Protein chains: 2
Amino acid sequence: MVEECKPVLNTGLRGLIIASSKISDVRGSEGKLIYRGYLIQDLADKVCFEETAYLLLYEKLPDTDELVAFKEKLKTERHIPQEVIDALKTRPHGALPMDILQAGIGLLAHHDSDVRDQSRDAALRMAIRLIARMPTLLAAWGRIRQGEDVVSPSSDLDHAANFLYMLHGKVPDHEVARFLDTCLVLHAEHSFNASTFAAREVASTKAHMYAAIAAGVGSLSGDLHGGANVRVMEMLKTIGSIENVESFVKKTISEGKKIMGLGHAVYQTDDPRTFILAPMSKRMGERVGETKWYDLSKTLEKVAKAAFKKEKGLDLPVNVDFYSASLYYSIGIPVDFFSPVFAISRVAGWTTHVLEEQFADAAAKPALYRPESKYVGEYCGPDQCEFVTIDKR
Amino acid sequence: MVEECKPVLNTGLRGLIIASSKISDVRGSEGKLIYRGYLIQDLADKVCFEETAYLLLYEKLPDTDELVAFKEKLKTERHIPQEVIDALKTRPHGALPMDILQAGIGLLAHHDSDVRDQSRDAALRMAIRLIARMPTLLAAWGRIRQGEDVVSPSSDLDHAANFLYMLHGKVPDHEVARFLDTCLVLHAEHSFNASTFAAREVASTKAHMYAAIAAGVGSLSGDLHGGANVRVMEMLKTIGSIENVESFVKKTISEGKKIMGLGHAVYQTDDPRTFILAPMSKRMGERVGETKWYDLSKTLEKVAKAAFKKEKGLDLPVNVDFYSASLYYSIGIPVDFFSPVFAISRVAGWTTHVLEEQFADAAAKPALYRPESKYVGEYCGPDQCEFVTIDKR
């Protein structure tokens, strides 16, 4: 096991291969992302989110009948209990949407008797419910916090279109819905990132699907993880216009800072999802008559890559957050919903990982994650402290 | 780093020392548990939960003035917003209490503006609030699900007594409160177990305190983790009386099963906390005029240890869950509140770990936890799958 012999103390488990998985493969040096054997490029162009979720959950692409049935199943599971809407209505309108989503997943759990059933079938049913209901939950919150009526899901619409319908209160144009749909396909799965690992970690104790997915959402809510495309958008707004790009990049480099959306922990080349996102961002900008954010992104990519190469000798690959920011913005998704929209896609991957964690073949299945720590407390030197009663401290 | 060179693939990170920590030390072979330099035996006899939480959070035992001020602080932070009570009232009475607790922590986050503040001070304030409010949340649920009025916290009572007061609606006797208080001291911290690791994992993405603690609760809710003392109690009820112990142990061994509460992943000797819990369980049984559960536990411990030694050559150390089950039961804590009561204690440890994860010296601080997985999907042999459109599948 020499290949696994790496420093592990205080390295955040980086580079450590801790589990085998059949779900996805991230080939950083090749710029490839593979879901269950299929290249993301092929999927993005040709399948919808429902087909992707099916592929992840069932380990194969559905045929027409299977896809029809699966879409129907998702449609019937979209509704959330009125009591959950009632609970959301007690929430302060300024709450962080990721916090609403995390709590909301907990609320959904209270209505699902499958939380008491430890079978794989029950876990799969909960997975499908979560995939179906998280968009409803999020859209409901989008309405409630604005003092608007909640829009019930429409069984006439597919997954992405229905989300936009529930959020905006009107049926979206086909192309716009397809753009969001493609985003959901692109973000559905990415192996053992922090949020997926959190979900698996929780699932490893035999906690149920909701408890695990709530942990995933919590992990994704962190600035170092799901918050990145929000910060890309904030950066674009700070730059403001193309003529400021040069000076912004210069300043960023001189201050030793990073450009949001450039650079990645895993990919050494441009993230393959970028090539799909960038043209959609352009087209979407044209549709809404505001190509400024795409143009700014494009220029920033070019200028920053050249400058970091020249000044620092660094190749900066574009990551998935860079063009998704301007795309989401043009679609009319509120900036503070960027991470929650990421979550309603990634829940397909998370739930699949929970299924794998809890029900894969015993040989491939880790026991409950229970690492060790090295105690470095030296409060009384190398010895234990002698206890002193409070009156003598 | 040869000492860290261990198999890591599909081993649940067992035995792997992944981070340094100054918080606690579990010396399994010596049967010692140390919080910030102090032996648990010393703490259990001599300090209260508030003093323990102070020790964990501030790295020293408080003097009298500091303890008075800290208790006062916790008292002022006990109240939970009416909107959270309102949200709890929308919940189905049959929901699992751990699920209520996980969602409830999310609900509390919505009312705390510190979730937007990434400073250590803000994190510490949130930690203190969570330690103060989780008992209020849990007790409120205990009342609501029975259709009873919620009891507001009393500023006349210390932490443990106040919880029992809010749960049962009457001020507990001093000795009973002290027993629960001691349980809270004993369960407050136990290094990198699954729930603590889940909380740290979420915190490592710079997610806020509530998001991390909700993940900890989720992890603790799993049967392999926090559910153990519940299963001890269920086992005691199944056995029913002392004369059935011998046959139960015999049957358990012959079926290759385990006795709940005997055996531990870390301790090779009896868990040091057991020696404190067992006499409390006995005394508490005497107080309520029902020593049956203690007597049954004691006999079971003796018979099972001897039988496993004789039949299997195994030394079975008693773990912390074994006597806490009968103790909690005698105190009048509902069986399905055993894990949540564990959580209102362990939150002191979890929050301390989150502070360490996010704010320890850079040298000792891991980056965001991002392990790798080994892709073993062979859906199209060693190659990628060739994409086939849906009409041709």
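Residues numbered from 1 in each chain as written. Chains lettered and ligands numbered in written order. Predicted model: local features only at pLDDT ≥ 70, side-chain atom pairs only at ≥ 80, totals over all residues. Heavy atoms only, no water.

### Regarding the interface of chain B and chain A
1) Next: Every contact between the two is made by 110 residues of chain B and, on the other side, 109 residues of chain A.
2) Next: Of the roughly 9,800 Å² buried where chain B meets chain A, counting both sides, 60% is carbon and sulfur surface.
3) Next: Viewed at the interface, chain A and chain B are joined by two salt bridges.
4) Next: The interface formed by chain B and chain A holds 64 residue pairs in polar contact (both at pLDDT 80 or more) in total.
5) Next: With seven residues, helix α5 (residues 97-109) of chain B is the single largest residue contributor to the side of chain B that touches chain A.
6) Next: For the side of chain B that touches chain A, a count of residues per class yields 54 nonpolar, 30 polar and 26 charged. (Contact = heavy atoms within 4.5 Å. Buried area = accessible area lost by both parts, 1.4 Å probe. Salt bridge = Lys/Arg side-chain N within 4 Å of Asp/Glu carboxyl O. Polar contact = N/O pair within 3.5 Å; in protein donor to acceptor, adjacent residues only side chain to side chain. Helix = DSSP H or I, 4+ residues; strand = E, 2+ residues; numbered from the N terminus. Nonpolar A, V, L, I, M, F, W, Y, C, P; charged D, E, K, R; others polar.)

### Observations concerning the side chain of Ser373 of chain A
1) Next: Residue placement: Ser373 of chain A occurs in strand β5 (residues 372-375).
2) Next: Residue classification places Ser373 of chain A among the buried residues on the basis of a relative accessible area of 16%.
3) Next: Apart from the residues lying within four places of it in its own chain, the contact partners of Ser373 of chain A are Ile17, Ala19, Ser21, Ser191 and Phe192 of chain B. (Buried < 20%, exposed > 50% of the residue type's maximum accessible area, 1.4 Å probe, protein only.)

### Some thoughts on the nonpolar core
1) Next: Counting 249 residues, the largest nonpolar core has Met134, Leu180 and Leu300 of chain A together with Met134, Leu180 and Leu300 of chain B as its most contacted members.
2) Next: Excluding residues that lie within four positions of it along the chain, Leu300 of chain B makes contacts with Met235, Leu236, Ile239, Val245, Phe248, Val249, Ile259, Lys305 and Phe322 of chain B.
3) Next: Membership of the second largest hydrophobic core comes to 16 residues, among which are Phe197 of chain A together with Val8, Ala19 and Phe197 of chain B. (Core = buried A, V, L, I, M, F, W, Y, C linked by side-chain atoms within 4.5 Å.)

### Overview of the pattern of salt bridges
Where charged atoms of side chains with opposite charge meet at close range, the side chains can pair.
1) Next: This model, assessed by the stated rule, comprises 62 salt bridges over all chains.
2) Next: Two residues, Lys73 of chain B and Glu77 of chain B, come together in a salt bridge whose shortest N-O distance is 3.2 Å.
3) Next: Classification of Lys73 of chain B by relative accessible area gives partly exposed; the value is 36%.
4) Next: Residue classification places Glu77 of chain B among the buried residues on the basis of a relative accessible area of 10%.
5) Next: Ionic pairing is found between Arg129 of chain B and Asp112 of chain B, a salt bridge with its closest N-O pair at 2.8 Å. Residue Arg129 of chain B is found in helix α6 (residues 120-144), and its partner Asp112 of chain B is found in the loop between α5 and α6; the two are separated by 17 residues along the sequence.
6) Next: Each of the salt bridges in this network shares a partner with another, and the network as a whole consists of Lys73, Glu77, Asp112, Asp114, Asp117, Arg125, Arg129 and Arg133 of chain A.

### Brief notes about the packing of aromatic side chains
1) Next: Enumeration according to the criterion identifies 21 aromatic pairs over all chains in this entry.
2) Next: When the centroid spacing of 6.2 Å and the interplanar angle of 85° are considered together, the rings of Phe387 of chain A and Tyr38 of chain B count as edge-to-face. Of this pair, Phe387 of chain A sits in the segment after β6 (379-382) while Tyr38 of chain B sits in strand β4 (residues 38-39), placing the two residues on different chains.
3) Next: Judged by relative accessible area, Tyr38 of chain B falls into the buried class, the value being 13%. (Phe/Tyr/Trp six-rings, centres within 6.5 Å; stacked < 30°, edge-to-face > 60°.)

### Observations concerning the state of the cysteines
Disulfides are covalent bonds that link the sulfur atoms of two cysteine residues.
1) Next: Per the stated rule, a full pass over the model turns up two disulfides over all chains.
2) Next: Between the sulfur atoms of Cys380 of chain A and its disulfide partner Cys385 of chain A the distance amounts to 2.0 Å. Judged by the sign of its S-S torsion, about 105°, the bond between Cys380 of chain A and Cys385 of chain A is right-handed.
3) Next: Judged by its relative accessible area of 33%, Cys380 of chain A is partly exposed.
4) Next: Unpaired in this structure, Cys48 of chain B has its nearest cysteine sulfur neighbour in Cys183 of chain B, at a distance of 14 Å. (Disulfide = S-S within 2.5 Å.)

### Brief notes about the packing of helix α9 (residues 194-203) of chain A against helix α9 (residues 194-203) of chain B
1) Next: Packing of α9 of chain A against α9 of chain B leaves a shortest axis separation of 10 Å and a crossing angle of 165°. The orientation of α9 of chain A with respect to α9 of chain B, classified from their angle, is roughly antiparallel. Between α9 of chain A and α9 of chain B the crossing geometry is left-handed. Of the residues in α9 of chain B, those in contact with Ala194, Phe197, Ala198, Glu201 and Val202 of chain A of α9 of chain A are Ala194, Phe197, Ala198, Glu201 and Val202 of chain B.
2) Next: Taken together, the residues that form the contact of α9 of chain A with α9 of chain B break down as eight nonpolar, no polar and two charged. (Axes fitted to C-alpha atoms, helices over the stretch in contact; angles between N-to-C directions. Parallel < 35°, antiparallel > 145°, perpendicular 65-115°, else oblique. Left-handed = near helix turned anticlockwise from the far one by under 90°.)

### Here we look at the pairing of strand β2 (residues 24-27) of chain B
1) Next: The sheet contact formed by β2 of chain B and strand β3 (residues 32-35) of chain B spans four bridges and is antiparallel. Bridging from a neighbouring strand, Asp25 of chain B pairs with Ile34 of chain B of β3 of chain B. (Pairing = 2+ DSSP bridges.)

### Focus on the domain arrangement of chain A
Residues and elements named next belong to chain A.
1) Next: Partitioning chain A into structural domains gives domain 1 (33-225 + 338-364) and domain 2 (228-329).
2) Next: A separation of 28 Å is found between the C-alpha centroids of domain 1 and domain 2.
3) Next: On the side of domain 2, 21 residues touch domain 1, which itself brings 21 residues to the contact.
4) Next: Of the roughly 1,900 Å² buried where domain 1 meets domain 2, counting both sides, 66% is carbon and sulfur surface.
5) Next: It is Phe179, Leu186 and Phe338 that lose the most area in domain 1 upon contact with domain 2, and together they represent 34% of the buried surface on that side.
6) Next: Counting the contacts that link domain 1 with domain 2 gives five residue pairs in polar contact (both at pLDDT 80 or more). (Domains from an automatic or database assignment.)

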